[in-house]
Each structure stands twice: as structure tokens, then as C-alpha cells.
Amino acid sequence: MNYFSTRGLAEPHSFSEAVKIGLAPDGGLFVPERLPDLTTQLTQWEGKSYPDLCGSFFQNFASDIDALELETLVREAYTEFDHDELAPLVSLSDRISVLELFHGPTLAFKDFALQLLGKLYERQVSRSGVSINVLGATSGDTGAAAINGLVGKKGVNIFILYPDGRVSPLQERQMTCTGESNVYPIAVTGSFDDAQAALKDVFGDSDFSRSVNLSAVNSINLARILAQCVYYIFAWLKLPASQREKTTFVVPTGNFGNVLAGWMASKMGMKVAGFRVATNRNDILYRFFASGDYSVGEASSSLAPSMDIQVASNFERYLYYGLGEDSKKTRKAMADFKKRGTFQSGDDSFIKSMSSSRMDDTEICDTIRSVYQKYGYIADPHTACAFKDLDEFEHCVILSTAHPAKFPETIEETLGISVTHPSLDELKDRKIVKHPLSADAEAIKEFIRSKQKPVQS
Ligand SMILES: *Cc1c(COP(=O)(O)O)cnc(C)c1O
């Protein structure tokens, strides 16, 4: 299986190459040459453990990695989760279940992809003997999860840009208290969108990115999307067969990587009723799925900071499929969007292929309270965004994207309960190490250059 750019101007890449470079050289995102039909395989995957399912799934995509090696790699990636099922499906009522994706080392769903990506990078470095510099931008959880996936990995440096003062204190601690010398958390001035724009500019300088062997760890990395397909399939297989096609997945959404993964799984044969994009008050995606208007607004801070995003980078992949896998049209739409900050679609079947909801901060607090009263369940502020207008669904699975203990202030204020987690308590006495910079590509490149050490053997 080869990987092509959504913008159509890059050579086809192997799985490992596409994962290593992250962003395609023409500025587009990698997509598989075709989405395989997994209908038959799905029936054979019933009852598999999470790592086994993940290994079988990836065999369809990682065709340049030996099957046995892949199996080992996947098994090793998922050893740090604190629940034996990894992604337990918790039933709140006959109509609502919650898929808990927060049992990984940094207590957010991003661990599923980043623990595996860390393994893939490690494999790459040990095969090539060349070190990799990983660069990412984060609104909070990606940074922590990426750092945890890569911490102490030989030959891998990790640089994470985050908006100074706009991630939660605990999220900042998770990034800045590792005490490891291959980790560089960079606190930039501005919003997450500023950080992401600077990141794109750094990758846009292909001479630079080649010279330091730069890789993108953001959810633009194809391996992350594919890794996320697995928990949808895992949950779907756990549902009674009669319920599967009646189920809607409800997904707290920011950069659109999570829900895109589910949607891709459905294109590969996982038959469901649909997908719901749940946003906070940063509602560009809500507006798109309500009316076809994808216009950038100003990102504002909310109680669900990992969703404080206006330009959802993975939307490009969805656009590509929505435009009939036409890379020329995608290229044009993205160029127009960059120029005008807006994309309008009049294609109803494209717009209506997901439903959407939005929630402001007041509703988030009210929802945390009502979910607790109704079900005795504590939802973190991101997960809370999913609990809106669920009556229209016959059955739904809500993806719980973070552990409530990551946002203790909000939970304390709304429920008067103090939630903790041992892995977070442990961080409180550690020293914070961060590097303040402006959200400027040149400054970031200079910083990365200054940290290059001779290649380790
Ligand atoms: C990253 C994140 C999201 C948003 O996921 P996307 O894939 O960017 O849409 C939602 N909730 C939490 C807790 C997150 O960390």
C-alpha cells in the first residue's frame, strides 16, 4: 500500500516514509492510495484483544513492516495503560455508552496514537542510524502524549510548541516536568492557531526540514489517524451485532483527527448510523456541518482547551474525500482557504454526512452537573461537550477523550468533588523546564538547530 498527498503533487510514499515525514512535501496530508474493504476481516476480529486487533488492522496499511515485527511493536506500544481492556466501553443507559479513552499514560485519547508512533519512530532510527527531530504544536494534550510516547527514545528529539498560558497547569506540567534531555517544550506567545501556523511554516521550509530530519507529530501524521481507527472498531465489535448499525459515535472535536478516524473506519466497512462532531464555542466545524460554511473565526479560550481550535488541520483529508478524492480540487480549495479564510460547500451530501453540536462554557458546567446527577458519572469538560441533543439517536457511543483529573478546577467548581490521579500528583514536586519563544518560524528553526547533537550510535 502506498500513500499519496491530498494535494497530488508528491511522489507516492511507503507507510514508513509517510509516517517518518508526517506532512507531504507539497504541503498536503498523506492518504492511503485506497481505503481497503475490511468487511470480511471485521467478522474475523470479534473477541480480539486490543493489541491483537491493532496489529491485524495495521497489516492492511503497514505493508513495508514485517507482520511479526509489527505485532511485537504494537504489543509493546500498549503496555502502559492502566486498564486491561485499554478502551473500556461503559454503559450509562440503554441508549448511551461511553468509550473511555483516557487510560493511557497521559490520561487522554491521544496516547493511543502516540504510544504507537513513538515505537514507529524508534524503529526508524534504529534501522537508519539517523536521528529524528520531532516537531509538534499542541493545545494541551498532544504535547503531553507525544512527549510521553517519545521520552528517552534514543536518537529522537522532541520539540513541542504550545500557547503560553493557554494550556491547563497540569497539562503544562506533563510536558515540562519530564526531566529528560531529549524533550524541549516551547512556550510561544499567541494562540494554538498561531503555534500551528508557525509549525506549518517550519515544515514549509523543505531544506530545513530535510537537513534536520524533521517529522510532524501532530494529528496530520497518518499513523495517528490509523491508530485511532482501531478503538472505533474495538468498541463497535463489543456492541451487540443488532445495535452496531444503529449506533452513532459522538466525538468531542478540535483538530478533527479523532472523528475523521471513525469516519474512515466506516468507509472501510464498519457500518454505523453516523457521526456527531461535538465542538465547544470554537465552532467552525459546527458551522460547516450545519450550513456548509467553513470560515475561520478568532480562537477563544474555553473550559475544554484541547478543542480551542479554529483551523482543523485534518479537515483537509475529509475535504479530499468529500471532493471525490480529487487532489486538484483539494489543492484549489486549500489555496482559496488560505487566501480568504473561508471555504463554502453547496454539496448537501458532503455537509450532511456528519451531524454537529456546540457547547459554551456555561453549558459545559451544567452538563458536568447533570451527567453526574443522572448517571453518577464524572465527565471531563471535553467529554461533556458530547452530551448534547442525544435524544435524536437510537443508540450512541460517546468518546471520552480525557480523564476528569486532568481538569480538577472545573470538576471541583461544578461538582465540589476533588478528582486526582496518582500519575498527576507525582508531577507536583518536579521542576518545570520550558523555553519561551515567539510564534515565528525563524526563531523556532534557530532553536532546533541549536539543539542538534552529533548522531548517537
Ligand atoms: C485533542 C483532544 C480533543 C480533540 O481531538 P481532535 O482529534 O483534535 O479533534 C478533544 N478532547 C481532548 C481531551 C483532546 O486531548
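These numbers were taken from a predicted model, which means no experiment stands behind them. Sequence order as written defines the numbering, with residues in each chain counted from 1. For this predicted model, a pLDDT threshold of at least 70 governs which residues receive local features, and a threshold of 80 or more governs which side-chain atom pairs are given and counted, while totals over whole chains, interfaces and linings are taken from all residues. Based on all heavy atoms of the structure, the side-chain values leave hydrogens and waters out of the count.

### Considerations on unusual backbone geometry
Not every positive phi belongs to a glycine, and Leu86 is a case in point at roughly 70°. Helix numbering and strand numbering both begin at the N terminus, where a helix is a DSSP run of H or I of at least 4 residues and a strand a DSSP run of E of at least 2. Looking at the secondary structure, you find Leu86 in the loop between helix 4 (67-77) and strand 3 (89-91). Three exposure classes are used, based on accessible area relative to the maximum for each residue type with a 1.4 Å probe and protein chains only: buried under 20%, partly exposed in between, and exposed over 50%. Take Leu86: its relative accessible area is 6%, and that puts it in the buried class. A positive phi angle, near 65°, is found at Leu107, a position not held by glycine. With respect to the helices, strands and loops of the structure, Leu107 is situated in the loop between strand 4 (96-100) and helix 5 (110-128).

### Quick look at the packing of aromatic side chains
Planes of paired rings set the category: under 30 degrees apart is stacked, over 60 is edge-to-face and the rest tilted, where pairs are Phe, Tyr or Trp rings (Trp by its six-membered ring) whose centres lie within 6.5 Å. Tallying each qualifying case throughout the model produces 34 aromatic pairs. Ring geometry for Phe256 against Phe315: centres 5.7 Å apart, planes inclined by 65°, an arrangement best described as edge-to-face. With Phe256 in the loop between strand 9 (247-252) and helix 12 (257-267) and Phe315 in helix 14 (residues 315-322), this residue pair connects regions lying 59 residues apart in the sequence. Owing to a relative accessible area of 3%, Phe315 belongs among the buried residues under this scheme. A network of ring pairs unites the aromatic residues Phe256, Trp263, Phe288, Phe289, Tyr294, Phe315, Tyr318, Tyr320, Tyr321, Phe337, Phe343 and Phe350 as a single cluster. The ring of Trp236 has Arg244 lying over it, and the distance from NZ or CZ to the ring centre is 5.0 Å. For a Lys NZ or an Arg CZ to count as sitting over a ring, it must be within 6 Å of the ring centre and within 35 degrees of the ring normal.

### Quick look at the pairing of strand 4
Burial within strand 4 is extensive, with 5 of its 5 residues counted as buried. Along strand 4, one buried face is formed by Ile96, Val98 and Glu100 and the opposite face, lined by Ser97 and Leu99, is buried too. For two strands to count as paired, DSSP must find a minimum of two bridges between them. The pairing of strand 3 with strand 4 spans 3 bridges and is antiparallel. The residue of strand 4 that forms the bridge with Ser91 is Ser97. Between the antiparallel neighbours strand 3 and strand 4 lie 4 residues.

### Description of the site of the ligand
Residues are counted as near a molecule or strand when any one of their heavy atoms sits within 4 Å of it. In the neighbourhood of the ligand, 15 residues make up the surrounding shell, with Lys110, Asp141, Gly254, Asn255 and Asn258 lying closest. Polar contact criterion, stated in full: a pair of N or O atoms within 3.5 Å, where within protein one must be able to donate a hydrogen and the other to accept it, and residues adjacent in sequence count only if both atoms are side-chain atoms. Here an oxygen atom of the ligand and a backbone polar atom of Asn258 are 2.9 Å apart. Here the ligand has 380 Å² of accessible area as a free molecule, and 98% of this is covered by the chains. Buriedness for pockets is judged along seven lines, at least five of which must meet protein on both sides within 12 Å for an open set on the 1 Å grid over protein atoms alone, while cavities are sets there where a 1.4 Å probe fits but cannot get out, and lining residues have an atom within 4 Å of a point. To be counted as sitting in a cavity or pocket, a molecule needs more than half of its atoms within 2 Å of that site's grid points. More than half of the atoms belonging to the ligand lie within 2 Å of the grid points that define the largest cavity. Within the shell around the ligand, the residues separate by chemical class into 5 nonpolar, 8 polar and 2 charged. Only the protein chains shown count as cover for residues, and the accessible areas themselves come from Shrake-Rupley with a 1.4 Å probe. Throughout this entry, Asp, Glu, Lys and Arg are counted as charged residues, while Ala, Val, Leu, Ile, Met, Phe, Trp, Tyr, Cys and Pro are counted as nonpolar. The remaining residues, Gly among them, count as polar.

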